[in-house]
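Structural features, examined
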Amino acid sequence: MSEPANIDWENLGFRYMKTDFRYISKWKDGDWDEGRLVEDNQICISEASSVFHYGQGCFEGLKAYRTQSGTIQLFRVDQNAKRMQESCRRGIIPPVPVGKFIDACLRVVKANKTYVPPYGTGGTLYLRPFVIGVGDLIGVSPAPEYIFSVFCTPVGAYFKGGLTPVNFTVSGYDRAAPFGTGAAKMGGNYAASLMPHELAKRRGFADCVYLDPATHTKIEEVGAANFFGITRDGRFVTPCSPSILPSVTRKSLLEVARGYLGIAAEERDVFIDRLDELSEAGACGTAAVITPIGGIEYRGRLHVFFSETEVGPVTRKLYDTLTGIQFGDIEAPEGWIFKVE
Ligand code: PLP
Ligand code: COI
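Residues numbered from 1 in each chain as written. Chains lettered and ligands numbered in written order. Predicted model: local features only at pLDDT ≥ 70, side-chain atom pairs only at ≥ 80, totals over all residues. Heavy atoms only, no water.

A short note on the site of ligand 2
Taken together, Phe14, Phe59, Gly61, Tyr126, Arg128, Tyr158, Lys185, Tyr190, Ala224, Thr286 and Ala287 form the complete shell of residues around ligand 2. Between ligand 2 and Tyr126 there is a distance of 2.6 Å, counted from an oxygen atom to a side-chain nitrogen or oxygen. With the chains in place, 89% of the 280 Å² that ligand 2 exposes on its own is no longer accessible. Two domains each provide a minimum of three residues to the shell around ligand 2, namely domain 1 (9–155) and domain 2 (166–326). (Near = heavy atom within 4 Å. Polar contact = N/O pair within 3.5 Å; in protein donor to acceptor, adjacent residues only side chain to side chain. Areas by Shrake-Rupley, 256 points an atom, 1.4 Å probe, with all protein chains shown as cover. Domains from an automatic or database assignment.)

This is the structure in structure tokens:
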């Protein structure tokens, strides 16, 4: 294993860096093969692979954390494994068994452990499991073969980082349809988001807020993250909809709010014309962690929540508790932490 040299752990950003090993397993004739670690980061597949033309593929994102004592741990990898199975079912892809998914993630982290950023730098090792339809196919139908792979790359902040608030604008575009693939982590949802994201960036926003595709009245997602708000009477609220990706972070925050902070937490509609009800707001996800939302622009007006420069007190507590659990400083609820070594 190579010792990565000259990595500026404190300023990683969210960029791809090739690491030493990735896991790869193939599905053919009804079965996944054993799977193995390989060094080559190139995949050679048929030009007629369904993932290229028909978007038959799905992915996951999770992180490995270095604790203060130097050990490495994964956060709720079982939840990602289960969500990928749901994404697979939506895409008529043979689901990757949960045990195989977890084993692949553990093996990839162990094999690349020198790339797990040191504790205290804010960096983590991001894991990207994915499944793609491959093989010779021209009609619109499920692929004859599949590849499941997991690679990893050290990352820092996805948005500005730490607890710096950022602003978002409401998009007139949809990332998913009411009964489409929004709840599945399929590539097409992200292809649909590229243009709205680009338009928002050009206007100086971090990303855009998507409203519910049926009525365009309720908040659904914040770029590639879920939305949460803190009501003026101190409750944690987060939207619930069949076209939202069911975020592992959001699910965890519902439990953190109730169990660690003693705050009432609920999934309910958040109407875009009633943002005044919220004293704080944030984006949450594996990449985004918790990013405070300074303001949301809607119909030409920027609605500022707590502040455009300071994080609100409840968002700070949620962040400290969640990241404390992830980095091993705060005891986790049973089953949330998977020790790598
Ligand atoms: N929403 C979208 C569209 C995402 O891509 C992600 C990232 O995975 C999330 C929400 C957050 O989900 P999680 O907390 O499981 O990372
Ligand atoms: C994640 O948070 O893991 C995501 O998948 C977001 C991403 C597409 C960068």
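Description of the side chain of Glu221
As for its placement among the helices and strands, Glu221 is situated in strand β11 (residues 219–222). Its relative accessible area of 3% is what places Glu221 among the buried residues. Of note is the side chain of Glu221, whose polar atom sits 3.4 Å from the side chain of Arg175. There is a polar contact of 2.7 Å between the side chain of Glu221 and the backbone nitrogen of Leu245. (Helix = DSSP H or I, 4+ residues; strand = E, 2+ residues; numbered from the N terminus. Buried < 20%, exposed > 50% of the residue type's maximum accessible area, 1.4 Å probe, protein only.)

With respect to the pattern of salt bridges
What the rule picks out here adds up to 13 salt bridges. Two residues, Lys82 and Asp78, come together in a salt bridge whose shortest N-O distance is 4.0 Å. Of this pair, Lys82 and Asp78 both sit in helix α2 (residues 77–90), separated by four residues, roughly a single helical turn. Residue Asp78 is classed as buried on the basis of its relative accessible area of 16%. Measuring nitrogen to oxygen at the nearest pair gives 3.8 Å for the salt bridge that ties Arg268 to Glu277. In this structure Arg268 comes out as partly exposed when scored by relative accessible area, which is 23%. A relative accessible area of 35% places Glu277 in the partly exposed class. (Salt bridge = Lys/Arg side-chain N within 4 Å of Asp/Glu carboxyl O.)

Looking at the domain arrangement of the protein
One can read the domain layout of the protein as domain 1 (9–155) and domain 2 (166–326). Taking the mean C-alpha position of each, domain 1 and domain 2 sit 25 Å from one another. Tallying the contact residues gives 20 residues for domain 1 and 21 residues for domain 2. When the two sides are added together, the surface that domain 1 and domain 2 hide from each other amounts to roughly 1,700 Å², 57% of it contributed by carbon and sulfur. The largest contributions to the domain 1 side of the interface with domain 2 come from Phe59, Phe75 and Arg83, which together make up 34% of the buried area. Connecting domain 1 to domain 2 are zero salt bridges. Run the count over domain 1 and domain 2 and you get ten residue pairs in polar contact (both at pLDDT 80 or more). For the side of domain 1 that touches domain 2, the secondary-structure elements that each account for two or more residues are β4 (57–59), β5 (62–66), β6 (72–75) and α2. Considering only residue class, the side of domain 1 that touches domain 2 consists of seven nonpolar, eight polar and five charged. (Contact = heavy atoms within 4.5 Å. Buried area = accessible area lost by both parts, 1.4 Å probe. Nonpolar A, V, L, I, M, F, W, Y, C, P; charged D, E, K, R; others polar.)

Quick word on the site of ligand 1
Around ligand 1, the structure places 15 residues, and the nearest of them are Arg83, Tyr190, Ser247, Thr249 and Thr286. Separating an oxygen atom of ligand 1 from a side-chain N or O atom of Lys185 is a distance of 2.8 Å. If you list the elements that add at least two residues to the shell around ligand 1, you get β12 (225–231), α5 (248–259) and β15 (278–285). When its residues are assigned to classes, the shell around ligand 1 shows six nonpolar, five polar and four charged.

Overview of helix α4 (residues 187–202)
Every α-helix carries 3.6 residues per turn, so stepping three or four residues along brings you back to the same face. Here α4 spans 23 Å end to end across 16 residues, near enough to the 22 Å set by a 1.5 Å rise per residue. The largest bend in α4 amounts to roughly 35 degrees and is located at Leu194, with the proline Pro196 lying one to four residues further along. Listed as buried for α4 are Asn189, Ser193, Pro196 and Ala200. Buried-residue contacts for α4 involve β9 (166–170) and β10 (207–211). Just past α4, the residue Gly204 takes up positive phi, approximately 90 degrees. (Expected span 1.5 Å × (residues − 1). Bend = angle between axes of the 7 residues up to and from the residue.)

Observations regarding α5
Between the first and last C-alpha of α5 there are 16 Å, a value that for twelve residues agrees with the 16 Å anticipated at 1.5 Å per step. Buried residues of α5: Val248, Thr249, Arg250, Ser252, Leu253, Leu254, Val256 and Ala257, and no others. N-capping of α5 is provided by Ser247, with a side-chain oxygen placed 3.1 Å from the backbone N of Thr249.

Things to note about the packing of α5 against helix α6 (residues 313–326)
With their axes 10 Å apart at the nearest point, α5 and α6 run at an angle of 110 degrees to one another. As far as their axial angle goes, α6 and α5 are roughly perpendicular. As for the relative orientation of α5 and α6, their crossing is right-handed in sense. In contact with Thr249, Ser252, Leu253, Val256 and Ala257 of α5, α6 contributes Leu318, Thr321, Leu322 and Ile325. (Axes fitted to C-alpha atoms, helices over the stretch in contact; angles between N-to-C directions. Parallel < 35°, antiparallel > 145°, perpendicular 65-115°, else oblique. Left-handed = near helix turned anticlockwise from the far one by under 90°.)

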